[in-house]
Amino acid sequence: MLSAGPAHLKILIVTAESTAEGYAAHARTSATAAILRELGHTVIIVGVDDGPYFKASVLRRLWRYVTVNSKAMRLLHASDVVIARGHFAHLPWVMAARHRKRPVVYEMNGFVFDAMTTYNALMLVQPLIKRCYMAQFARSSRILCVTQEIAEHIRALGAYPTVETISNGVDGALFYPGPEDEIEDYAIFPSSLAPWHGVQTLLDAAEHPAWPAALKLVIAGDGVQAGLVRERAARSPRIQYLGLLDRAALAARLRTARIGLCLVEPVESREMSEVYPLKLFEMMASGVPVVATDLPGQREVLRESNAGVIVALYDPAALAEAVAALHASPDRKRMGAAGADAVRTQYDWRFGAAALERVLRRAIADERVRGKPPAP
């Protein structure tokens, strides 16, 4: 059991993204809330579940933003500190928090212009989106990033409050290995099917001659490239598309998978050099050996834990060959077990709980110092 710490905190977690089950916003906010509650704190999540983020109309998204901002403003008085999941639409309530002297820990899980990669129409308002982010950064007590690369990106934008890093992890109580005799012959790809998740490379690899004939490719998730996945699954008996799964259903599927696939590929509008995807840790926790693309972050995690293999970017043939080699490898089970051990000892979200609690307490202390009158 985790220590409750010296004092009880009242914490709001606010997200303007849809909190629909199966998406990153839901996974991250619910896991963070569970850990903080385990530490003995009171946590309220402010968000709206209005279905898949990419299917919502503009009016529906705008209404979500209005609803989230109004809820957050109403609850500010009952909070000691607020965690904001980075989004340009948070500006009104962040301004209100600054006015009411409520510290905000602003959590950045990506870059300022990520939304434009998925929604090209937002390029028309790029300057406005940047101004919204920068205004929020300036009013936050601390900025918390999941990678050093994102932290450097934020620092490069200007002089803001302290920027800190706490990596992604996984809920080890939900994701864990299943019995060996229940393993089925499929490789699984859990993804939001965004342009930078290597969907095209994966689909081409599954139809490459080097891909193991008996190994199915199971894709779980939804996103802007779901149509492409459906089209290929309809014509290929090797590819099975499950659509979006809730966290429990995804965990069950991972426990019976033979291989996990963690593909991240920089695209022209979203360059990246360091990644720690949530799905990487979920697959490792489930005892599944992983094939991942060669990017810093996930590459070092796999190499240090010996939990899988690394493959070149943008190369379907290399991916198919790596999957075939792992499928036939006598070390496959050992790699899966090594990944599960690494999560138990390093990457469970509970290991980051103490660090997160320290960030929240430092934010509260910062606000108290900021609110003191100047010395005579």
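Preceding this paragraph is the structure being described.
Residues numbered from 1 in each chain as written. Predicted model: local features only at pLDDT ≥ 70, side-chain atom pairs only at ≥ 80, totals over all residues. Heavy atoms only, no water.

Draft legend 1. How the structure looks around the layout of surface pockets. Space inside the second largest pocket adds up to approximately 230 Å³. Lining the second largest pocket are 17 residues, and of these Ile166, Ser167, Trp349, Gly352 and Ala353 sit closest to its centre. Elements with a contribution of two residues or more to the lining of the second largest pocket: α1 (24–38), α13 (332–347) and α14 (349–371). For the lining of the second largest pocket, the residue count by class is eight nonpolar, six polar and three charged. (1 Å grid on protein atoms, 1.4 Å probe; cavity = no way out; pocket = protein on both sides within 12 Å on 5 of 7 lines; lining within 4 Å. Points joined across faces, edges and corners; volume = space filled by probe spheres on them. Helix = DSSP H or I, 4+ residues; strand = E, 2+ residues; numbered from the N terminus. Nonpolar A, V, L, I, M, F, W, Y, C, P; charged D, E, K, R; others polar.)

Draft legend 2. Geometry of the pairing of strand β2 (residues 42–48). In this structure, strand β1 (residues 10–18) lies alongside β2, joined through six bridges in parallel fashion. Bridge assignment links Ile11 to a residue of β2, and that residue is Val43. Crossover connection from β1 via α1 to parallel β2: handedness right-handed. (Pairing = 2+ DSSP bridges. Right-handed = clockwise from strand over helix to strand, strands pointing away.)

Draft legend 3. Quick peek at the pattern of salt bridges. With the rule as written, the count across this model stands at 22 salt bridges. Among the ionic pairs, Asp348 bridges to Arg350, the shortest N-O distance being 3.3 Å. Judged by relative accessible area, which is 13%, Asp348 ranks as buried. Residue classification places Arg350 among the partly exposed residues on the basis of a relative accessible area of 26%. (Salt bridge = Lys/Arg side-chain N within 4 Å of Asp/Glu carboxyl O. Buried < 20%, exposed > 50% of the residue type's maximum accessible area, 1.4 Å probe, protein only.)

Draft legend 4. Inspection of helix α3 (residues 91–99) at higher detail. Of all the residues in α3, the buried ones are Leu91, Trp93, Val94, Ala96, Ala97 and Arg98. One or two steps after α3, the chain reaches Lys101, where phi turns positive at roughly 60 degrees.

Draft legend 5. A look at the packing of helix α10 (residues 278–285) against α13. Relative to each other, α10 and α13 sit at 115 degrees, their axes nearing to 7 Å. For the element pair α10 / α13, the angle class is roughly perpendicular. Counting all contacts with α10, which are made through Phe281, Met284 and Ala285, the residues of α13 involved are Gly336, Gly339, Ala340, Ala342, Val343 and Tyr347. (Axes fitted to C-alpha atoms, helices over the stretch in contact; angles between N-to-C directions. Parallel < 35°, antiparallel > 145°, perpendicular 65-115°, else oblique. Contact = heavy atoms within 4.5 Å.)

Draft legend 6. Spotlight on empty space enclosed by the protein. Inspection of every chain in the model, using the stated rule, returns one cavity of 30 Å³ or more. Along the walls of the largest cavity sit Ile13, Arg28, Thr29, Thr32, Ile83, Arg85 and Glu107, which together make up its complete lining. Of the residues forming the lining of the largest cavity, the biggest block, three residues, is contributed by α1. Of the residues contributing to the lining of the largest cavity, the split by class is two nonpolar, two polar and three charged.

Draft legend 7. The sheet that holds strand β5 (residues 142–145), seen in detail. Pairing is parallel across the open sheet formed by six strands, whose spatial order is β2-β1-β3-β4-β5-β6. The sheet is open, and its two edges are formed by β2 and β6 (163–165), each paired on a single side. Across the sheet, the axes of successive neighbouring strands diverge by a mean angle of 20 degrees, strand direction being ignored. When strand β4 (residues 104–108) meets β5, the two strands line up parallel, connected through four bridges.

Draft legend 8. Layout of the packing of aromatic side chains. Considering all chains together, one arrives at four aromatic pairs under this definition. Considering the side-chain rings of Tyr133 and Phe137, the 5.9 Å spacing of their centres and the 35 degrees angle between planes classify their relative orientation as tilted. Here Tyr133 pairs with Phe137, and both are found in helix α5 (residues 126–139), just four residues apart, close to one helical turn. Accessibility assignment for this pair places Tyr133 and Phe137 in one class, buried. Ring geometry for Phe281 against Tyr347: centres 5.0 Å apart, planes inclined by 45 degrees, an arrangement best described as tilted. One end of the pair, Phe281, is in helix α10; the other, Tyr347, is in helix α13, and 66 residues separate them in sequence. Judged by its relative accessible area of 14%, Tyr347 falls in the buried class. Every member of this aromatic cluster is reached through a ring pair, and the members are Tyr106, Tyr133 and Phe137. Note that Arg253 overlies the ring of Tyr186, its terminal NZ or CZ placed 5.9 Å from the centroid. Between Arg255 and the ring centre of Tyr176, over which it is positioned, the NZ or CZ distance is 4.2 Å. (Phe/Tyr/Trp six-rings, centres within 6.5 Å; stacked < 30°, edge-to-face > 60°. Lys NZ or Arg CZ within 6 Å of the ring centre and 35° of its normal.)

Draft legend 9. Region of interest: the pairing of strand β11 (residues 290–293). Every second residue of β11 is oriented toward a common face, with Val290 and Ala292 on one face and Val291 and Thr293 on the other, all of them buried. Both strand β10 (residues 259–262) and β11 contribute to a ladder of three bridges, which runs parallel. Within the sheet, the bridge partner assigned to Gly260 lies in β11 and is Val290. Here β11 pairs with strand β12 (residues 308–311) via four bridges, running parallel. Residue Ala292 lies in a different strand from β12, and its bridge partner there is Ile310.

Draft legend 10. The arrangement of the environment of Leu215 in detail. When you line up the elements, Leu215 lands in the loop between α7 (199–206) and β8 (216–221). Sequence-wise, Leu215 and Ala187 are 28 residues apart; in three dimensions their C-alpha atoms are separated by 6.9 Å. Apart from residues lying up to four places away in sequence, Leu215 is in contact with Asp185, Tyr186, Ala187, Arg238, Ile259, Val323 and His327.

Draft legend 11. Highlighting a nonpolar patch on the surface. Together, Val58, Leu59 and Leu62 make up an exposed nonpolar region whose accessible area comes to about 320 Å². Tracing the backbone through its elements, the reader meets Leu59 in helix α2 (residues 58–75). (Patch = residues over 30% accessible without salt bridge, like charges linked within 9 Å, V, L, I, M, F, W, Y side chains within 5 Å. Areas by Shrake-Rupley, 256 points an atom, 1.4 Å probe, with all protein chains shown as cover.)

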